[in-house]
Amino acid sequence: MSVLSGYNCRTFSKSHTSADAGGSTIKAVCVIMSVNYKIPLAKIVQLMEDLYQIRINESSIINWLKQSYNLMKPTEDQVKEHLLNSKLVHADETGVNINGKKLLESCSID
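Here is what the cut-offs are and how they apply
- Residues numbered from 1 in each chain as written.
- Predicted model: local features only at pLDDT ≥ 70, side-chain atom pairs only at ≥ 80, totals over all residues.
- Heavy atoms only, no water.
- Helix = DSSP H or I, 4+ residues; strand = E, 2+ residues; numbered from the N terminus.
- Buried < 20%, exposed > 50% of the residue type's maximum accessible area, 1.4 Å probe, protein only.
- Contact = heavy atoms within 4.5 Å.
- Areas by Shrake-Rupley, 256 points an atom, 1.4 Å probe, with all protein chains shown as cover.
- Expected span 1.5 Å × (residues − 1).
- Arc of directions from axis to C-beta.

Student: Even after reading the chapter, I still don't get the overall build of the chain, so can you show me in this structure?
Tutor: Looking only at helices and strands, the chain features three helices and two strands. Starting at the N terminus and walking to the C terminus, you meet the elements of the chain as α-α-α-β-β. Taking all 110 residues of the chain together, 21% fall into the buried category. Sequence separation of at least 24 residues holds for 31% of the intrachain contacts in the chain that already meet a minimum separation of 6. Of the roughly 8,400 Å² of accessible surface on the chain, a fraction of 56% belongs to carbon and sulfur atoms.

Student: What is the right way to look at helix α2 (residues 41-52) in this model?
Tutor: Side chains that are three or four residues apart share a direction in an α-helix, a result of its 3.6 residues per turn. The end-to-end C-alpha separation of α2 is 16 Å, in line with the 16 Å expected for 12 residues at 1.5 Å each. Taken residue by residue, α2 has L41, I44, V45, M48 and Y52 as its buried positions. All buried residues of α2 fall inside an arc of 100° around its axis, so they share one side.

Student: Help me out: how do you make sense of the environment of L104 in this one?
Tutor: Locating L104 in the fold gives a position in strand β2 (residues 101-109). Residue classification places L104 among the exposed residues on the basis of a relative accessible area of 54%. Leave out the neighbours within four places in its chain, and L104 touches E93, T94 and G95.

As structure tokens, this is what we get:
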């Protein structure tokens, strides 16, 4: 189910670009598009305008990304601290062939 499935184009108004419930949904969707799906900012701006007739500046998305990072920073710090203090940490290196070259991707977990 889509995050925006409860909304249609007419539901969003200028008030939904503020920090109210609709605005929070828009912020979350823009952050997810950028972080999880690696969609460039200009494409996110275009998608929001095409799909929901909402004009968003790239600078707004950058601010939302910064806000999200600041909210998650304490969790990131706790995970790092836990790993540093663990007696045992599992590490995995998975090889990937790209154009005949073997590259390694590393992952560490407790």
